[in-house]
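# Summary of structural features
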Amino acid sequence: MRNGLFEWEKPLYELELRIEELQKFTADKDMDLSREIATLEKKAEYLRREIYQNLTAWQQVLLARHPKRPTTLDYVELIFDDFLELHGDRYYRDDPAIVGGLATFEGLPVTVIGPQKGRDTKENIRRNFGLPHPEGYRKALRLMKQAEKFQRPIVCLIDVVGAYPGIEAEERGQGVAIAQSIRHMSFLRTPIVCIITGEGGSGGALAIGIGDRILMLEHAWYSVISPEMCAQILWKDSSKAPEAAEALKLTAKDLLSMNAIDEIVPEPLGGAHKNHQEAAANVKAALRQALASILPIPLDILVEERLERFRQLGQWQEKAVAASEARK
Amino acid sequence: MQVNGCLEGVDSMFKDLFRTKPKYVTVRPQAVSIKQDSSAGLWEKCPNCENLIYKKGLEQSFYVCEKCDFHFRIDVWERLRQIVDEGTFEELHTDLVSDNPLGFPGYPEKLAQAREKTGLDEGLIAGRAVIQGNPCMLAIADFDFMAGSMGSVVGERVTRTFEVAMEQELAAVVFSAGGGGARMQEGVLSLMQMAKTSQAVERHHQEGLLYLSVLTNPTLGGVYASFASLGDFLLAEPGALIGFAGPRIVEEATRQKLPNGFQSAEFALEHGMIDKIVHRKDLRQVIGRILHMHRKGLVPSA
Ligand SMILES: [Zn+2]
């Protein structure tokens, strides 16, 4: 990737440059090149659709990881007002890889939580590249319980490749922290909207991914494992990540077809990084609609329906009972 | 299905039966997790201390090395033999067969190999059992079946274990050996089994019922980060590997030398992650005692 551009975008980029040149030429030299420009623009439009509507699973993964893609705090700034960040898990420390706090959404107080990647190297190091430790999940759960106490809706913005696989993270119970978060989030008596904005990697994403409405951005990915690790484990070759991405069926469309999410939030053409405002506006509209649909539901029913949704997930064949009787 | 009765004696007949119909296999007569290749099959070398052990003696010693206490991996039938009151295990949920929901390349072949290798139809069996006189719901994972990983069927069997336990007001006992975590080949559907099983555990918990989780070697990833670590009691076998990210992944990610015994049961105990390490020879008694102490209606005897 150069200048934030992917290899597959280059033909389009070069064409766009050429159009710009001609436009400049028209203005400077007072020459009419409108016919040439119109032709090139048609071609660009065609290419744009060709390129962005036929992305492979792996290209989507790369888009989801684009360094200029809006992070959790970018969305918080563009979608919510009065964000008041709250810190710490009350057991060990504050994990900068997960941010959370109080905010208002169009006047409604909500609790917002999400993993936070750094926007530059320095911030990435401070935030451990957005890879949470157990205390990050414990902070998230603490804030979610606070939200439940005050009947505040919870909005989780999910962008995490996975929970941090570190020595101290293991010593402090990474697995237990994730399990407890899943367990308690499932039963919270307050509305929850989860939005997978970028990467949804494994238990580290699911730990804050149990919601009444689960939305996913067009180019986000969500699966049980990252394509690289999957390729490494299955084929002992992480360079086969593109094949693994395909096999894992991790795109928003795939997840919608498996009922693992409710809705796909469209991104600006070429990805959310091309236009943060537009991306945030789309998320905002989807969030407004999601909240409107769940806020009126009585809490007992809300929680029951949340559980029922997950209860239904899974696929298998049912062997004829006769066959199993026969072998007794 | 009564299992204990067929543990001995009918091996060859059963083996033949299973070879031809691997799809419906759930019973295998012998514990053969142990490699059969050394010294004409009479002796087994302990992988830990290299002590040569007479194989016939292993059964009496619970498949534990008498010299160094190394716990050999055992399959579900040997586990049943060691834990459950004879003839009491009744297998349930056998009608569930793994599908290939993603069309994942090579998955049906992997399933077929695992079935062939273990004689099981999936990586976990579940049912009703009695342990030292205490009825309970029991689920046991088998590491030799795709590393004990959890796909839709394993997740569903675990979930139903807790649901039936709720209906019948029973304790649940689960032996997890999920070294493979959530099963990659079922993608996000495997991930969702973590949610489904954790929710079933919590519902069972809210009824005031007991859940005893036994972590056997190895319990990692999505299995550990869901139902396996949510027991009221967490017991582990000595030396069992317990953690979220496996040691190789941690080593690669951090490029640090791992501390001695990293993620062993002893390490987990020291860091407050489990209640107790129990030697395999004592496991049945300890489980039985805990189950007994949670029986309803116990009163002081004097
Ligand atoms: Zn030994």
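A short tour of the structure in this document, coming up. (Residues numbered from 1 in each chain as written. Chains lettered and ligands numbered in written order. Predicted model: local features only at pLDDT ≥ 70, side-chain atom pairs only at ≥ 80, totals over all residues. Heavy atoms only, no water.)

### A look at the interface of chain B and chain A
How we decide: Contact criterion: two residues are considered in contact whenever any of their non-hydrogen atoms come within 4.5 Å of each other. When two parts are put together, the accessible area they lose, computed with a 1.4 Å probe and summed over both, is reported as buried area. Salt bridges are defined by distance alone: a side-chain nitrogen of Lys or Arg within 4 Å of a carboxyl oxygen of Asp or Glu. N or O atoms within 3.5 Å of each other form a polar contact, as long as, within protein, one can give a hydrogen and the other can take it, and as long as residues adjacent in sequence are counted only when both atoms are side-chain atoms. Strands are runs of DSSP state E lasting at least 2 residues, helices are runs of H or I lasting at least 4, and numbering of each runs from the N terminus. Note that Gly is not counted as nonpolar here; it falls among the polar residues with everything else outside the nonpolar set of Ala, Val, Leu, Ile, Met, Phe, Trp, Tyr, Cys and Pro and the charged set of Asp, Glu, Lys and Arg. Each pair of strands is called paired provided DSSP finds at least two bridges between the two strands.
At the junction of the two partners, chain B supplies 64 residues and chain A supplies 52 residues. Here chain B packs against chain A, burying approximately 5,200 Å² in sum over the two surfaces, 66% of which is carbon and sulfur. Sorting the residues of chain B by area buried against chain A places Met184, Gln199 and Phe244 of chain B first, and these three jointly supply 13% of that buried surface. On the surface where chain B and chain A come into contact, there are five salt bridges. The closest approach of N and O atoms between Arg183 of chain A and Glu202 of chain B, which form a salt bridge, is 2.5 Å. Where chain B meets chain A, there are 19 residue pairs in polar contact (both at pLDDT 80 or more). Elements with a minimum of two residues in the side of chain B that touches chain A: β4 (96-98), α5 (152-167), α6 (187-206) and α8 (247-254) of chain B. Taken together, the residues that form the side of chain B that touches chain A break down as 31 nonpolar, 19 polar and 14 charged. Pairing of strand β9 (residues 316-318) of chain A with β4 of chain B involves three bridges; the strand directions are antiparallel. Looking at the pairing, Trp316 of chain A lines up with Ser98 of chain B of β4 of chain B.

### Things to note about the coordination of the zinc ion
Put simply, the ideal angle at a metal is 109.5 degrees for four donors in tetrahedral geometry and 90 or 180 degrees for six donors in octahedral geometry. All names here are of chain B. Heads up, the rule is: Here a donor is an N, O or S atom found within 2.8 Å of the metal, or within 3.2 Å if the metal is Na, K or Ca; sites may look incomplete because water is not among the atoms. Just to be clear on the cut-offs, tetrahedral is four donors with all angles between 85 and 135 degrees, square planar is four donors and octahedral six with opposite donors over 155 degrees apart and all others between 65 and 115, and anything else goes down as irregular. Between buried and exposed lies partly exposed: a residue is buried under 20% and exposed over 50% of the maximum accessible area for its type, with that area taken using a 1.4 Å probe on protein chains only.
In the first shell of the zinc ion, the protein supplies Cys46 (SG), Cys49 (SG), Cys65 (SG) and Cys68 (SG), at 2.2 to 2.3 Å from the metal. Each of the four donor atoms bound to the zinc ion contributes to angles spanning 105 to 112 degrees, and the resulting shape is tetrahedral. By relative accessible area, Cys49 is classed as partly exposed at 31%.

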